[in-house]
Amino acid sequence: MKFRYLLLLILPLLVLASACGKKCNEEKQVNIDDSTILKFISDKGIVAQKHPSGIYYQILSTGTGNLSYTANTTVSTKYVGRLLDGSVFDGPTSQPITFQLGGVITGWQIGIPLIQKGGKIRLLIPSGLAYGCDGQGPIPSNAVLDFEVELVNATN
């Protein structure tokens, strides 16, 4: 449980700090990730929408409410995180994990506000909105991430 908490809250900060000394070809990687995601959703028959940020998402259930999200919004989620080869790097969680939205990877900060309490979403997150060229723990560099997330609760 503590690993999950660290993965979602602390590691994005470490990635940002370490990225300062490492050069990535971000523009090239954006195109690679987009092609990879498009092939993945085509191969798997996933009906997903592309957000202007570059994430792809599939709303499985919208949930209820009309909360306006901020970086300080506290969210409780159950989720599973996979690489595109299907290997699970985190989860599935059976008990909700609670954190501030502003403390997680950018892809979650963009994707979670697309649903409300009780909603479920699948997020396909390009590497640049996740852990980038550094990777983290079991997540390799430049990995596109596939999350299924249930938003149990959200409050400001």
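We now turn to the structure provided with this report.

Conventions and cut-offs
- Residues numbered from 1 in each chain as written.
- Predicted model: local features only at pLDDT ≥ 70, side-chain atom pairs only at ≥ 80, totals over all residues.
- Heavy atoms only, no water.
- Core = buried A, V, L, I, M, F, W, Y, C linked by side-chain atoms within 4.5 Å.
- Buried < 20%, exposed > 50% of the residue type's maximum accessible area, 1.4 Å probe, protein only.
- Helix = DSSP H or I, 4+ residues; strand = E, 2+ residues; numbered from the N terminus.
- Contact = heavy atoms within 4.5 Å.
- Salt bridge = Lys/Arg side-chain N within 4 Å of Asp/Glu carboxyl O.
- Polar contact = N/O pair within 3.5 Å; in protein donor to acceptor, adjacent residues only side chain to side chain.
- Pairing = 2+ DSSP bridges.

1. Focus: the nonpolar core
At step 1: Judged by nonpolar contacts, the single largest core of 29 residues is most densely connected at Trp 108, Leu 123, Ile 125, Leu 145 and Phe 147.
At step 2: Contributions of two or more residues to this core are made by strand E3 (74-83), strand E5 (97-100), helix H4 (106-111), strand E6 (120-125) and strand E7 (145-155).
At step 3: Among residues more than four places away in sequence, those in contact with Phe 147 are Tyr 79, Val 80, Gly 81, Phe 89, Ile 105, Trp 108, Ile 121, Arg 122, Leu 123 and Ile 125.

2. So, the pattern of salt bridges
At step 1: Within the structure shown, the criterion is met by four salt bridges.
At step 2: One salt bridge connects Lys 50 with Asp 34, and the closest N-O pair in it is separated by 3.1 Å. In this pair, Lys 50 is assigned in strand E1 (residues 49-50) and Asp 34 in helix H3 (residues 26-44), connecting sequence segments 16 residues apart.
At step 3: Since its relative accessible area comes to 19%, Asp 34 is described here as buried.
At step 4: Note that Arg 122 and Asp 146 form a salt bridge whose closest N and O atoms lie 2.7 Å from each other. Remark: Asp 146 occurs in strand E7 and Arg 122 occurs in strand E6; sequence separation between them is 24 residues.
At step 5: Judged by its relative accessible area of 2%, Asp 146 falls in the buried class.

3. Some words on the environment of Tyr 56
At step 1: Here Tyr 56 is to be found in strand E2 (residues 56-61).
At step 2: The buried category is assigned to Tyr 56, whose relative accessible area is 5%.
At step 3: For Tyr 56 and Leu 124, which are 68 residues apart along the polypeptide, the C-alpha to C-alpha distance reads 5.0 Å.
At step 4: Beyond its immediate sequence surroundings of up to four residues, Tyr 56 is in contact with Asp 34, Ile 37, Leu 38, Ile 41, Ala 48, Gln 49, Lys 50, Arg 122, Leu 123 and Leu 124.
At step 5: Here Asp 34 takes part through its side chain, which lies 2.7 Å from a polar atom of the side chain of Tyr 56.

4. Concerning the pairing of E6
At step 1: Within E6, five of the six residues are buried, which leaves it mostly tucked inside the rest of the structure.
At step 2: Here six bridges tie E6 to E7, and the two strands are oriented antiparallel to one another. Residue pairing for E7: Ile 121 is matched across the bridge by Val 149.

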